[in-house]
There are 2 protein chains.
Amino acid sequence: MKGQFAGRMATMQRSFIREILKVAQDPHVISFAGGLPNPDYFPVEPLRAAADKVLAQKGANALQYAPTLGNAELRQFIADRYKTTCGLDVPADDILITNGSQQGLELVAKILIDPGDHVILESPSYLGGIQACSLFQPRFVTVPLLADGPDTAVLAQHAVHPQAKLFYALPNFQNPTGITYSASKREEVAAILHENELFFIEDDPYRELRFMGEDLPPITVYGRTRAFLLGSFSKIVAPGFRMGWIVAQPELMDKLIIAKQASDLHSNYVSQLIIAQYLQDNDLDAHIATIREVYGRQRALMVAMIEELFPANVQYTLPEGGMFLWLTLPEGMSAMQLFETAVKRNVVFVPGDPFHVDGTGRNTLRLNFSNTDAAEIETGMTRLAEVLRESLKRNP
Amino acid sequence: MKGQFAGRMATMQRSFIREILKVAQDPHVISFAGGLPNPDYFPVEPLRAAADKVLAQKGANALQYAPTLGNAELRQFIADRYKTTCGLDVPADDILITNGSQQGLELVAKILIDPGDHVILESPSYLGGIQACSLFQPRFVTVPLLADGPDTAVLAQHAVHPQAKLFYALPNFQNPTGITYSASKREEVAAILHENELFFIEDDPYRELRFMGEDLPPITVYGRTRAFLLGSFSKIVAPGFRMGWIVAQPELMDKLIIAKQASDLHSNYVSQLIIAQYLQDNDLDAHIATIREVYGRQRALMVAMIEELFPANVQYTLPEGGMFLWLTLPEGMSAMQLFETAVKRNVVFVPGDPFHVDGTGRNTLRLNFSNTDAAEIETGMTRLAEVLRESLKRNP
């Protein structure tokens, strides 16, 4: 229609999380809201050295237009790391550098989803994934998340539908719940996907942030025909570079390249070289070990505060890695209302509503434990416990 | 459909230009093909100093997630520059930082185009713009480009159609033709757009690269209600950062922000700060004056070579800025066939076909003069003249 926006924009809204982040910028506010890594552990000086080396040694070559797929050395590093850390054997040319995982989600959604296609989501699911898919007007259907992964009976039911197009999942330390798929659930999911010719987006930005338990292989290990495995440097190096990647086999990659060219030609090349240089000159494993140790400690403190201070009828997950805890308040209680009260007490979180596409989850909320130190966790969780107890007293 | 890509991908192809660029990497090949700025004039050392300063002074703050709109100082710089260079008065909050102009094109296309909407293109038009729009399945209609801009009678005809949604134009040193709209054509176009409530994408990456004639205001100056003005640092600083912007009024910006969040949250923040620092510490006007002088000289040499060596029945444009010349071969001659012969003689260009959406333009081609020095222009144009003369001898 003349003078009108496209139909796909009709139901799209600004990210609620990014709106909350504006509130969280007030220095008096303790924020458990964002999905921000802890900046105290960004490798600032090593990155500064890497940037200087790249511009000194590569000069103008670092600054020109560059190949769509991305820098070859960086892609080889990613391929090698999959091989050594989880036995996934992929050639570097099956890896496309993207602007963070978010662009990976958008590119895959763009090449797959026709209006009305069924997109199967974990419930709850990551808001950024929901938004990227929403642009292309699918019908969302949901699979409940249990403590060890999705309810596979429900997944199997959704998968047989002729309109079923793809399953979007975060099997490691899921955003928002922190839940991790068990080994057997991974195999079950792979079998259902294969049997029903479903595409699969395996969104895996937190894989390296495991602070307890055993590493498990990506589900993509069980079959790559229709799989898109998404990774990111945001959580293991720094998010300001907006640098992630998609692993996909050639037939899928061919479409991704077309979509990437139409979207922005290629990702920031200077930054690709800086990250590649950083990875070459530094011990990533040692760096990640530090982050794991810190996040594990912060998560332990947050759980201890919940156990000590929160009402017994508030449930919580016990993530083995990542950056998030998930709380379920007593039935009938509204996390959005709790949020309004909490803001006034200078503590924020993300209410569960935006992670649900079906209007459920009003009594749930997400807590981030990566971007606050011990003192902030103690103060913030004490404030939150008070707000919770008062709310429960008013609405028992 | 199960296991199938989305319908929007059916007719999408890889960028022909980016495929040609692979051929052009052979050091024996002289390339007039790419749209690459001359890397000899990238401000490598000033950018190196800026990068070092940013990481030394801002540290972790440069590396964290950042606002969707982009860095405030960088946006203010862009706003101020519009005001001083062309009298366009826009607040910094009407500017969104994008991954180059290409992402600007894709975001605007995404928020505007429903399948079947009419997108009015200059004929020929920029391949990247055609690709970004194609993803959203419009019907393309075309307006011939004359020496001083579009045939406004044809534009007016297309504009009244009820399905007409937007006009996509590059009024300065157009890619691919090098043509610039006259002052009167700009006003005429603005009036037609306004009268018919058309959206307008003013793609203006070359504006600062004028080496002769008088600066003219962006068409957006005549009305911002439905205008998206796109700019880029790729041609005045360096393209490897993938850093551009969109100017749009708040109602349009609101939708752009939603689309940007779903696409990649925000553009690379470190690079935004590096460019902002570079702009603060250096004289951009002096830098651009150098580029203008060099490109003007290279364009003059290329034209002189055409006049001296090319058959008289080959027509060419005389751009006042930018990076491209446009050749029209005698009727019936195929630029694609000429390309095949030229590659064997180690000189390449872009045949006109991919810039046309209606199968016309087979006897046209684009020459880039920014990314070759004088010696290369002399050798390359001599080779091209030989190939041309031989082809004309075979098919007179």
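Definitions and limits used
- Residues numbered from 1 in each chain as written.
- Chains lettered and ligands numbered in written order.
- Predicted model: local features only at pLDDT ≥ 70, side-chain atom pairs only at ≥ 80, totals over all residues.
- Least-squares fit on C-alpha atoms with pLDDT ≥ 70 in both.
- Contact = placed C-beta atoms within 7 Å.
- Axes fitted to C-alpha atoms, helices over the stretch in contact; angles between N-to-C directions.
- Helix = DSSP H or I, 4+ residues; strand = E, 2+ residues; numbered from the N terminus.
- Parallel < 35°, antiparallel > 145°, perpendicular 65-115°, else oblique.
- Left-handed = near helix turned anticlockwise from the far one by under 90°.
- Nonpolar A, V, L, I, M, F, W, Y, C, P; charged D, E, K, R; others polar.
- Domains from an automatic or database assignment.
- pLDDT = per-residue confidence, 0-100.
- Buried ≥ 20, exposed ≤ 12 C-beta atoms within 10 Å, placed from the backbone.
- Pairing = 2+ DSSP bridges.
- Right-handed = clockwise from strand over helix to strand, strands pointing away.
- Expected span 1.5 Å × (residues − 1).

(A) Representation of the relation of the copies chain B and chain A. When chain B is fitted to chain A, the residual RMSD is 0.0 Å, and the transformation amounts to a turn of 180° plus an axial shift of 0.0 Å. Between the two chains, the operation in question is that of a two-fold axis. A shared interface surface links the copies, since 100% of the contact residues of chain B are contact residues in chain A too.

(B) Examining the packing of helix α4 (residues 100-112) of chain B against helix α8 (residues 250-264) of chain B more closely. Residue and element names in this part refer to chain B. Contact geometry of α4 with α8 gives a least axis separation of 9 Å together with a crossing angle of 115°. Here α4 is positioned roughly perpendicular relative to α8, judged by the angle of their axes. Considering only the axes of α4 and α8, their crossing is right-handed. Residues L107, K110 and I111 of α4 lie in contact with α8, whose contacting residues are K255, L256, A259, K260 and S263. The class makeup of the residues in the contact of α4 with α8 is four nonpolar, one polar and three charged.

(C) Spatial organisation of the domain arrangement of chain A. Residues and elements named next belong to chain A. Along its sequence, chain A is carved into domain 1 (7-42 + 286-394) and domain 2 (45-281). For domain 1 versus domain 2, the separation of C-alpha centres amounts to 25 Å. Each partner contributes to the interface: domain 1 provides 32 residues, whereas domain 2 provides 33 residues. Going through the elements one at a time, α10 (284-309), β11 (324-328) and β14 (364-368) are the ones with two or more residues in the side of domain 1 that touches domain 2. It is α10 that contributes the most residues to the side of domain 1 that touches domain 2, six residues altogether.

(D) Representation of the confidence of the model for chain A within the structure. Here chain A shows a mean pLDDT of 96. Residues at 70 or above account for 100%. The ipTM value of the predicted complex is 0.96, and its pTM value is 0.97.

(E) Up close: the interface of chain B and chain A. Each side of the interface is counted separately: chain B has 66 residues, and chain A has 66 residues. Considered class by class, the residues forming the side of chain B that touches chain A number 34 nonpolar, 18 polar and 14 charged.

(F) Structural context of the environment of L107 of chain A. Residue and element names in this part refer to chain A. Within the secondary structure layout, L107 lies in helix α4 (residues 100-112). Here L107 falls in the buried class, since 28 other C-beta atoms lie within 10 Å of it. When the C-alpha positions of L107 and K260 are compared, they lie 6.9 Å apart, and in sequence the two are 153 residues distant. For L107, the contacting residues outside a window of four places in its chain are T98, I246, L256, A259, K260 and S263.

(G) Spotlight on the sheet that holds strand β6 (residues 164-169) of chain B. Residue and element names in this part refer to chain B. Taking strand neighbours across the sheet as the criterion, the eight strands line up as β2-β9-β8-β7-β6-β3-β4-β5 in an open arrangement whose pairing is mixed. The open sheet has two edge strands, β2 (95-98) and β5 (149-150), and neither has a second partner. Note that strand β4 (residues 139-146) and β5 share two bridges and pair antiparallel. Bridge pairing in β5 places L146 opposite G149. The sheet strands contacting helix α3 (residues 72-86) are β2, β8 (227-232) and β9 (244-247), and the helix crosses β2 at an angle near 115°. Its contacts with the sheet place helix α6 (residues 152-159) against β3 (118-123), β4, β5 and β6, and it is angled at close to 160° to β4.

(H) Region of interest: the pairing of β4 of chain B. All names here are of chain B. Of the strand pairs in this sheet, β3 and β4 are connected by six bridges, and their pairing is parallel. Looking at β4, one finds that I120 is bridged to V141. As for the winding sense of the linkage, the β-α-β connection from β3 through helix α5 (residues 127-134) to β4 is right-handed. Counting the residues between successive antiparallel strands, the hairpin from β4 to β5 contains two residues.

(I) Fine view of the environment of Q57 of chain A. Tracing the chain through its elements places Q57 of chain A in helix α2 (residues 44-57). Between the alpha carbons of Q57 of chain A and D93 of chain A there is a distance of 25 Å; along the sequence they are 36 residues apart.

(J) Representation of α4 of chain B in the model. Taking 1.5 Å per residue, 13 residues should reach 18 Å; α4 of chain B reaches 19 Å between its end C-alpha atoms and fits that length. With 13 of its 13 residues buried, α4 of chain B lies for the most part within the structure.

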